[in-house]
Amino acid sequence: MPEKGPILVLNGPNLNMLGTRQPEVYGRETLSDVVELCKDAAARHGREIESFQSNSEGALIDRIHQARGAVSAIVINPGGLTHTSVALRDALVIPEVPIIEVHISNVHAREEFRHRSFVSAIASGVVCGLGVYGYVAAIERLAQIT
Ligand code: DHK
């Protein structure tokens, strides 16, 4: 894992629809806005990001495998896979880098099925309910510790 290498920003299913998808829950910023925010936050620390979004669990897992040895840290909003995917969690330990799990909404104030995460136990940190600022907070932290 490279020192001061790229930080990988991963977004799971339906996050390509940010901006138009339930704006009362997820806000009006688009996924491109989120990527720009992450780029700017990383640049303030002299770091770069790589970004990937997919609606497919397999594509996300393949991207995580490629990250081994190639990135220093991972920010992930797994979308609905947070609450369902053992396979995604298993993949996330493979790169052996710090991970921060981000949710735009406060999942604990929503339906009960959103209260459980398969990812949290293998994450260095979890951010939820801070809107898209959660991604910035995650980048700031990962730039400090990697
Ligand atoms: C995004 C999703 O797509 C949901 O499935 C999660 C998360 C919450 C978010 O708040 O960013 O339950």
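None of the values given here were measured: they were computed from a predicted structure.

Describing unusual backbone geometry
The bulk of non-glycine residues show a negative phi, and the bulk of peptide bonds are trans.
Turning to step 1, where the next piece is worked out: Phi at Asn14 takes a positive value of approximately 75°, unusual for a residue other than glycine.
Turning to step 2, where the next piece is worked out: Here Asn14 is to be found in the loop between β1 (7–11) and α1 (23–26).
Turning to step 3, where the next piece is worked out: Among the residues examined, Asn14 registers a relative accessible area of 41% and is labelled partly exposed.
Turning to step 4, where the next piece is worked out: At Glu96, a position not held by glycine, the phi torsion is positive, near 55°.

A look at the pairing of β1
Turning to step 1, where the next piece is worked out: Counting buried positions along β1 yields five of five residues, so the element is predominantly enclosed.
Turning to step 2, where the next piece is worked out: The side-chain alternation of β1 yields two buried faces, one formed by Ile7, Val9 and Asn11 and the other by Leu8 and Leu10.
Turning to step 3, where the next piece is worked out: Bridging between β1 and strand β2 (residues 49–53) involves five bridges; their strand directions are parallel. Residue pairing in the sheet places Leu10 in a bridge with Phe52 of β2.
Turning to step 4, where the next piece is worked out: Relative to strand β3 (residues 73–77), β1 is paired through five bridges, and the arrangement is parallel. Bridge pairing in β3 places Leu10 opposite Ile76.

Calculation rules
- Residues numbered from 1 in each chain as written.
- Predicted model: local features only at pLDDT ≥ 70, side-chain atom pairs only at ≥ 80, totals over all residues.
- Heavy atoms only, no water.
- Helix = DSSP H or I, 4+ residues; strand = E, 2+ residues; numbered from the N terminus.
- Buried < 20%, exposed > 50% of the residue type's maximum accessible area, 1.4 Å probe, protein only.
- Pairing = 2+ DSSP bridges.

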